[in-house]
Amino acid sequence: MTAIDHLGIAVHKLADALPFWRDLLGMELVAIEEVASEKVRVAILRPKDDANGARIELLEPTAPDSPIAKHLEKRGPGLHHVAMKVDDIAARMAGLAAAGNPAMDSAPRVGAGGCMVTFLHPKQTGGVLLELSQPPAGGGGH
Ligand code: CO
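What counts and what doesn't
- Residues numbered from 1 in each chain as written.
- Predicted model: local features only at pLDDT ≥ 70, side-chain atom pairs only at ≥ 80, totals over all residues.
- Heavy atoms only, no water.
- Phe/Tyr/Trp six-rings, centres within 6.5 Å; stacked < 30°, edge-to-face > 60°.
- 1 Å grid on protein atoms, 1.4 Å probe; cavity = no way out; pocket = protein on both sides within 12 Å on 5 of 7 lines; lining within 4 Å.
- Points joined across faces, edges and corners; volume = space filled by probe spheres on them.
- Helix = DSSP H or I, 4+ residues; strand = E, 2+ residues; numbered from the N terminus.
- Buried < 20%, exposed > 50% of the residue type's maximum accessible area, 1.4 Å probe, protein only.
- Arc of directions from axis to C-beta.
- Contact = heavy atoms within 4.5 Å.
- Polar contact = N/O pair within 3.5 Å; in protein donor to acceptor, adjacent residues only side chain to side chain.

> Before we move on, could you go through the packing of aromatic side chains and cite the residues and values that matter?
Counting across every chain of the model gives one aromatic pair. Centroid distance Phe20 to Trp21: 5.3 Å. Interplanar angle 90°. Geometry classified as edge-to-face.

> Describe the layout of surface pockets, with residues and values.
The computed volume of the largest pocket comes to approximately 710 Å³. Along the walls of the largest pocket sit 28 residues, with Pro67, Ile68, His71, His80 and Leu129 positioned nearest its centre. Within the residue set of the lining of the largest pocket, elements represented by two or more residues are strand S3 (40-46), strand S4 (55-61), helix H2 (67-75), strand S5 (78-85) and strand S7 (116-120). It is H2 that contributes the most residues to the lining of the largest pocket, six residues altogether.

> Report on H2, specifying residues and quantitative values.
Where H2 is concerned, the buried positions are Ile68, Ala69, His71 and Leu72. All buried residues of H2 fall inside an arc of 160° around its axis, so they share one side. Residues of H2 that are exposed and angled more than 90 degrees away from the buried face: Glu73 and Lys74. Against strand S1 (3-10), S3, S4 and S5 lie the buried residues of H2. Its side-chain oxygen 3.0 Å from the backbone nitrogen of Ile68, Ser66 forms the N-cap of H2.

Structure, rendered in structure tokens:
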């Protein structure tokens, strides 16, 4: 399995960005949750009529040293990362490392929705911060 799981979009304020994605485009707001390890608050939106469709995750920084705060400073609001869904993230990370393309983490960490995630640096991917995301066992994710 290799499919787009979600697009991460950096925003200054969830409250300012939500009306466009939820009300104007009609996406379903699944949850708003804080990911302490990333110093970010995430609004998770999914297409109303496509349970398997890619999600939009709006990312609001919760601290000045959040990676999202740094992104906003440098580039302003906009696309922050692309996330691909994978079955076995540890195996993917091992395969990438063996091919000379190691992920930014030595082991997967817990992301939004209880997914196990890691990132590949834009230098490795042609300019896109790429998240690999393994949904939680039993499909408890979003
Ligand atoms: Co993400």
